[in-house]
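The residues making up each chain are set out below.
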Amino acid sequence: MDLSRQLGFVIVALVGVRAHQKNSLDAGGIAAALFLGWLHALHPSRTLLLLLAFFFLGTAATKYGGEIKHERLTTDVDERERLAKAGTPAGKSLLTKLPTAAPRTAAQVICNAGIASTLLALHLYLYRPTGATSRLALSTRFQDLLIFGVPFQYAASLADTLSSEFGVLEDNWPFLITSFKSVPPGTNGAITLLGLIAAVAGGLAIGILAAITIPADSMYTRIMLLLACTLIGPLGSIIDSVLGATCQQTLYDPSRRKVIEVHGGGRAATPKEKVTKKDAGARVIMGVDLLTNNQVNILSTAIAVATGLAGIAAWVKVFGGSKASL
């Protein structure tokens, strides 16, 4: 095993230790992250850097503006109003009492890295790539499309993460993507201008990193990879919003003026089912109970990746590919 792969294994292990220390992943999440990370480290196309970029940028975005997010999404209305009367911002007052974010689960890890890992596993099994034979070409060859799909996955996943984490920081309420009506922060399918800008930035960030690090046959291939990721990032976020608005229920508690969020990306219990006493007054305000949040995430990412690969194939057919692929 070459030095770069050994270094990759060590980095993934260190990230796993750090995730345990920070409680950002539960036991199952750490196991899934280690397995998928080591799979990325095995591949010579340096896609582990994309996985690490998604993890660290997504984690940083989740932590950014934590006080504001806590005030808007989780602070009880009575406490918020009491603090407002006292002239104290709720987020600042509760800074020392902010609850620790629930650790991510294995299902969430798989939703955010499973498609890319599957594509890499197929590429490893079918083509046994080495450093000298893993150069990406703009072509319709299956071996190239498999590698294109990896940054496409992370562009869509990071764009959706940044859109959600930064969108909630906008002062105005978001609007529903299917009706353009204002809805409470946290509503499935809600979007904001700040969230859309963040989605573009997420796709662009992955595109730049992929274009620089993934071995390619020409500058033309690198530029097309960057442009494709920049487009696929916000596309994946928009698809996620459409699926969230139509195929996922949103529960809202009028007494606390907040959307009920579910740990682990599962489905929320409806008012007819067992819910906590605190959430007993919740009612369904949006969507149909067809998909969980995890299912929406992985389905929207899969659609975005498939659309991106179809776009690459169409471009090559109309305008031609890179010279090395001809």
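For the structure itself, consult the block above.
Remember, predicted model here, so these are calculated numbers, not experimental data. (Residues numbered from 1 in each chain as written. Predicted model: local features only at pLDDT ≥ 70, side-chain atom pairs only at ≥ 80, totals over all residues. Heavy atoms only, no water.)

Digging into the overall build of the protein chain
Then step 1. In terms of helices and strands, the protein chain carries eleven helices and five strands.
Then step 2. Residues classed as buried in the protein chain amount to 48% of the 326 residues present.
Then step 3. Of the contacts made within the protein chain by residues no fewer than 6 positions apart, 77% connect residues no fewer than 24 positions apart. (Helix = DSSP H or I, 4+ residues; strand = E, 2+ residues; numbered from the N terminus. Buried < 20%, exposed > 50% of the residue type's maximum accessible area, 1.4 Å probe, protein only. Contact = heavy atoms within 4.5 Å.)

Observations concerning the environment of Asp289
Then step 1. Checked against the element boundaries, Asp289 lands in the loop between β5 (283–286) and α11 (293–319).
Then step 2. Expressed as a C-alpha distance, the spacing of Asp289 and Gly244, which sit 45 residues apart in the sequence, is 10.0 Å.

Overview of unusual backbone geometry
Then step 1. The backbone of Asn23 shows a phi angle near 55 degrees, a positive value even though the residue is not glycine.
Then step 2. Turning to its location among the elements, Asn23 is positioned in the loop between α1 (3–22) and α2 (27–42).
Then step 3. The phi angle at Arg128 is positive, at roughly 45 degrees, despite the residue not being glycine.

What about the nonpolar core?
Then step 1. Counting residues in each nonpolar core, the largest one holds 54 residues, and the members touching the most others are Phe148, Phe152, Tyr154 and Leu225.
Then step 2. Put simply, the parts of the chain that give this core at least two residues each are α1, α2, α3 (48–63), α7 (106–127), α8 (142–167), α9 (193–213), α10 (219–247) and α11.
Then step 3. Among the elements that take part in this core, α8 stands out by supplying eleven residues, more than any other.
Then step 4. Residues contacting Phe152, with those up to four places away along its chain left out, are Leu225, Ala228, Cys229, Ile232, Val305, Gly308, Leu309 and Ile312. (Core = buried A, V, L, I, M, F, W, Y, C linked by side-chain atoms within 4.5 Å.)

Observations regarding the packing of aromatic side chains
Then step 1. All chains considered together, the criterion is met by seven aromatic pairs.
Then step 2. With a centroid separation of 6.1 Å and an interplanar angle of 40 degrees, the aromatic rings of Phe54 and Tyr154 are classed as tilted. In this pair, Phe54 is assigned in helix α3 and Tyr154 in helix α8, connecting sequence segments 100 residues apart. For the pair formed by Phe54 and Tyr154, the shared burial category is buried.
Then step 3. Note on Tyr64 and Phe166: the rings are 5.7 Å apart at their centroids and 45 degrees apart in plane angle, and the pair reads as tilted. One end of the pair, Tyr64, is in the loop between α3 and α4 (66–73); the other, Phe166, is in helix α8, with 102 residues separating them in the sequence. (Phe/Tyr/Trp six-rings, centres within 6.5 Å; stacked < 30°, edge-to-face > 60°.)

With respect to a nonpolar patch on the surface
Then step 1. Taken together, the side chains of Leu122, Tyr125, Leu126, Tyr127 and Phe142 define a hydrophobic patch exposed on the protein surface, amounting to about 510 Å² of accessible area.
Then step 2. Of all the elements, α7 adds the most residues to the nonpolar patch, at four residues.
Then step 3. Its place among the elements puts Phe142 in helix α8. (Patch = residues over 30% accessible without salt bridge, like charges linked within 9 Å, V, L, I, M, F, W, Y side chains within 5 Å. Areas by Shrake-Rupley, 256 points an atom, 1.4 Å probe, with all protein chains shown as cover. Salt bridge = Lys/Arg side-chain N within 4 Å of Asp/Glu carboxyl O.)

Here we look at the pattern of salt bridges
Then step 1. This structure, assessed with the given rule, holds one salt bridge.
Then step 2. Between Arg141 and Asp144 there is a salt bridge; the shortest N-O distance is 2.8 Å.
Then step 3. Accessibility expressed as a relative area gives 3% for Asp144, which makes it buried.

Observations regarding the side chain of Ser45
Then step 1. Relative to the assigned elements, Ser45 resides in the loop between α2 and α3.
Then step 2. Among the polar contacts made by the side chain of Ser45, one reaches the side chain of His43 at a distance of 2.8 Å.
Then step 3. Dropping the residues within four chain positions of it, Ser45 is found in contact with Leu120, Ile147, Thr213, Ile214 and Pro215. (Polar contact = N/O pair within 3.5 Å; in protein donor to acceptor, adjacent residues only side chain to side chain.)

Section: the packing of α8 against α11
Then step 1. Relative to each other, α8 and α11 sit at 135 degrees, their axes nearing to 9 Å. Considered as vectors, α8 and α11 are oriented oblique to each other. The handedness of the crossing between α8 and α11 comes out as right-handed. Residues Leu145, Phe148, Gly149, Phe152, Gln153, Ala156, Ser157 and Asp160 of α8 lie in contact with α11, whose contacting residues are Asn297, Thr301, Ala304, Val305, Gly308, Leu309 and Ile312.
Then step 2. Taken together, the residues of the contact of α8 with α11 break down into eight nonpolar, six polar and one charged. (Axes fitted to C-alpha atoms, helices over the stretch in contact; angles between N-to-C directions. Parallel < 35°, antiparallel > 145°, perpendicular 65-115°, else oblique. Left-handed = near helix turned anticlockwise from the far one by under 90°. Nonpolar A, V, L, I, M, F, W, Y, C, P; charged D, E, K, R; others polar.)

By themselves, these observations are geometric and do not establish any function.
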